[in-house]
Amino acid sequence: MSVTHTNIEGLTIRTTTEEDIPLILKFIVDLADYEGCKDCVKATEESLMDSLFVKKQAETLIAEYHGQPVGFSLYLYKFSTFLGRAYLYLEDLYVAPEWRGRGIGKKLLTNLMRVAVEHGCTRLDWGCFAYNTPSMEFYKQLGARELTEWADFRVDGELLQEYARAEQESMNMSQEG
């Protein structure tokens, strides 16, 4: 486990271990509750273990104040074909309500910026619900630009499964013929 000491007395940011899975899930549920979609959480301790520590599809950091967990970030690497370089994508950033306004969220973000540079990444990207104006203002105060030229798209659920089945059937037929 790697620990970063910050310039905020008592605040450290550390990498996570498998023992942190229940805490990570708690922070995810708390974040979803804050965003008004607690019922949207389908993550389980088992799915987090598989994704974070078996398949290593994302990484998490925990912010602790004098050893007490107060926030977390979850990020992953993506790739820009235009730049030919990787970048970090911040999926989640959460600081418990009673700990907000103390610079902890900023430290989680700037720590990720450091991680991005250390790993040769060209940028740090993230999304934010359009209705979450406090977070949007916080990001803008840091100098982050809102990307209005992009539109996000998603295929999920049954439609994703249908396309995957159809593609598999197509591949099977081409191998037979």
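Residues numbered from 1 in each chain as written. Predicted model: local features only at pLDDT ≥ 70, side-chain atom pairs only at ≥ 80, totals over all residues. Heavy atoms only, no water.

## A few points about the overall build of the chain
Worth spelling out the cut-off: Helix numbering and strand numbering both begin at the N terminus, where a helix is a DSSP run of H or I of at least 4 residues and a strand a DSSP run of E of at least 2. Relative accessibility under 20% of the residue-type maximum defines a buried residue, over 50% an exposed one, and the middle range a partly exposed one, all with a 1.4 Å probe and only protein chains included. Residue contacts follow a heavy-atom distance rule, with two residues in contact if any of their heavy atoms lie within 4.5 Å. Exposure was quantified through the Shrake-Rupley algorithm and a 1.4 Å probe, taking into account, for residues, occlusion by the shown protein chains and nothing else. Residues scored as positive are Lys and Arg, those scored as negative are Asp and Glu, and His as well as the terminal groups of each chain are ignored. Where a charge sits is defined by one atom per residue type, namely NZ (Lys), CZ (Arg), CG (Asp) or CD (Glu).
Along its length, the chain carries 5 helices and 6 strands. Beginning at the N terminus, the succession of helices and strands in the chain can be written as β-β-α-α-β-β-β-α-β-α-α. The principal-axis extents of the C-alpha atoms in the chain amount to approximately 65 × 35 × 35 Å. Out of the 177 residues in the chain, the part that is buried amounts to 32%. Sequence-distant contacts, at least 24 apart, represent 53% of the contacts inside the chain between residues at least 6 apart. Counting only carbon and sulfur atoms, one obtains 53% of the accessible surface of the chain, whose full area is about 11,700 Å². Separation between the mean location of the 18 positive side-chain charges and that of the 28 negative ones in the chain comes to 7 Å.

## Thoughts on the packing of aromatic side chains
Short version of the rule: For Phe, Tyr and Trp, where Trp contributes only its six-membered ring, two rings pair if their centres lie within 6.5 Å, and the inter-plane angle classes them as stacked under 30 degrees, edge-to-face over 60, or tilted in between.
Tallied over the entire structure, the rule returns 7 aromatic pairs. Seen from their ring centres, Tyr 75 and Tyr 77 are 6.4 Å apart, and the 65° between their planes marks the pair as edge-to-face. Since its relative accessible area comes to 3%, Tyr 75 is described here as buried. Each ring, one from Trp 126 and one from Tyr 139, has its centre 5.1 Å from the other, and the planes form 65°; the classification is edge-to-face. Taken together, the positions of Trp 126 in strand 6 (residues 124-126) and Tyr 139 in helix 4 (residues 133-141) put the pair 13 residues apart, joining distant regions of the chain.

## What about the nonpolar core?
Counted only if it meets this: Nine residue types can take part in a nonpolar core, namely buried Ala, Val, Leu, Ile, Met, Phe, Trp, Tyr and Cys, and a core is a set of them joined through side-chain atoms within 4.5 Å.
One finds Leu 52, Phe 72, Leu 88 and Ile 104 to be the most contacted residues of the largest nonpolar core, which totals 36 residues. Elements with a contribution of two residues or more to this core: strand 2 (11-15), helix 1 (21-34), helix 2 (45-54), strand 3 (59-65), strand 4 (68-80), strand 5 (85-95) and helix 3 (104-118). The greatest single-element share of this core, amounting to 7 residues, is contributed by helix 1. Filtering out sequence-adjacent residues up to four positions away, Leu 52 remains in contact with Ile 21, Ile 24, Ala 58, Glu 59, Thr 60 and Leu 74.

Read these as spatial facts, not as claims about activity.
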